[in-house]
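# An overview of the molecular structure
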Amino acid sequence: MNRSEQQKIIDEIIGEAALALLQQPGPVNTQALMDQLTLMKQQSTDDEQRAAITAAITDVRNSISAGKKLREEQPQRDNVLQLFGHNQQSGNNRNIDRLARV
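Below, the structure is looked at part by part. (Residues numbered from 1 in each chain as written. Predicted model: local features only at pLDDT ≥ 70, side-chain atom pairs only at ≥ 80, totals over all residues. Heavy atoms only, no water.)

## A word on helix α1 (residues 3-22)
Stated formally: What counts as a helix is a DSSP run of H or I of at least four residues, what counts as a strand is a run of E of at least two, and both are numbered from the N terminus. Working rule for helices: expected span equals 1.5 Å times residues minus one. Per-residue accessibility, obtained with a 1.4 Å probe over protein chains only, is compared with the maximum for each type, and a residue is labelled buried under 20%, exposed over 50%, and partly exposed between these values. Each direction from the helix axis to a C-beta atom contributes to the arc, which is the arc of those directions. We call two residues in contact whenever any of their non-hydrogen atoms come within 4.5 Å of each other.
The terminal C-alpha atoms of α1 lie 28 Å apart, and with 20 residues this matches the ideal 28 Å at 1.5 Å per residue to within 8%. Residues of α1 that are buried: I10, I13, I14, A17 and L21. Summarising the axial view, the buried residues of α1 lie within an arc of 95°, below the 170-degree limit, and thus occupy one face. With respect to the buried face of α1, the exposed residues turned more than 90 degrees away are S4, K8 and L22. Summarising the contacts, the buried residues of α1 are in contact with α2 (30-43) and α3 (47-73).

## Remarks on the packing of α2 against α3
Stated formally: Note on geometry: axes are C-alpha line fits, over the in-contact stretch for helices, and angles between N-to-C directions span 0 to 180 degrees. Our angle categories are set so that under 35 degrees counts as roughly parallel, over 145 as roughly antiparallel, 65 to 115 as roughly perpendicular, and the remainder as oblique. Throughout, a crossing is termed right-handed when the near helix is turned clockwise from the far one, and left-handed when it is turned anticlockwise from it by less than a right angle. Amino acids outside the nonpolar list (Ala, Val, Leu, Ile, Met, Phe, Trp, Tyr, Cys, Pro) and the charged list (Asp, Glu, Lys, Arg) are all regarded as polar, and Gly is one of them.
Look at α2 against α3: their axes get within 9 Å of each other, and the N-to-C directions meet at 165°. In terms of orientation, α2 and α3 fall into the roughly antiparallel class. Considering only the axes of α2 and α3, their crossing is left-handed. The segment α2 lies against α3, with T30, L33, M34, L37, T38, M40 and K41 engaging R50, I53, T54, A56, I57, V60, R61 and I64. Taken together, the residues of the contact of α2 with α3 sort by class into 9 nonpolar, 3 polar and 3 charged.

## A few points about the nonpolar core
Test applied: Throughout, nonpolar core names a set of buried Ala, Val, Leu, Ile, Met, Phe, Trp, Tyr and Cys residues whose side chains join them through atoms within 4.5 Å.
Within the largest apolar cluster, 15 residues are counted, with the highest numbers of intra-cluster contacts made by I13, I14, L33, L37, M40, A56 and V60. Counting residues per element, the ones that place at least two in this core are α1, α2 and α3. Aside from chain neighbours lying at most four places away, what touches A56 is I10, I13, I14 and L37.

Following this line, the structure appears as structure tokens:
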């Protein structure tokens, strides 16, 4: 099995786990996803399926770690995306200025 086929299987397993979370009451977050994948692994009787679920768990853990690392590397922000620098004005402000002069 090549890498893309393996990744497709992992993505399908993660999708199944996410769908299961959406169908039941409770939180839908990374911890719940990890718990669901662990439950799926415990319930699986097929060694190949268990190995694929283990790979999916590893993939989710790696994504969580990468996300944490990215957040740590970025400066603290207030969740506001600055579209314009301090010296720039948006197009709307210029239009308002023109209207005020008329």
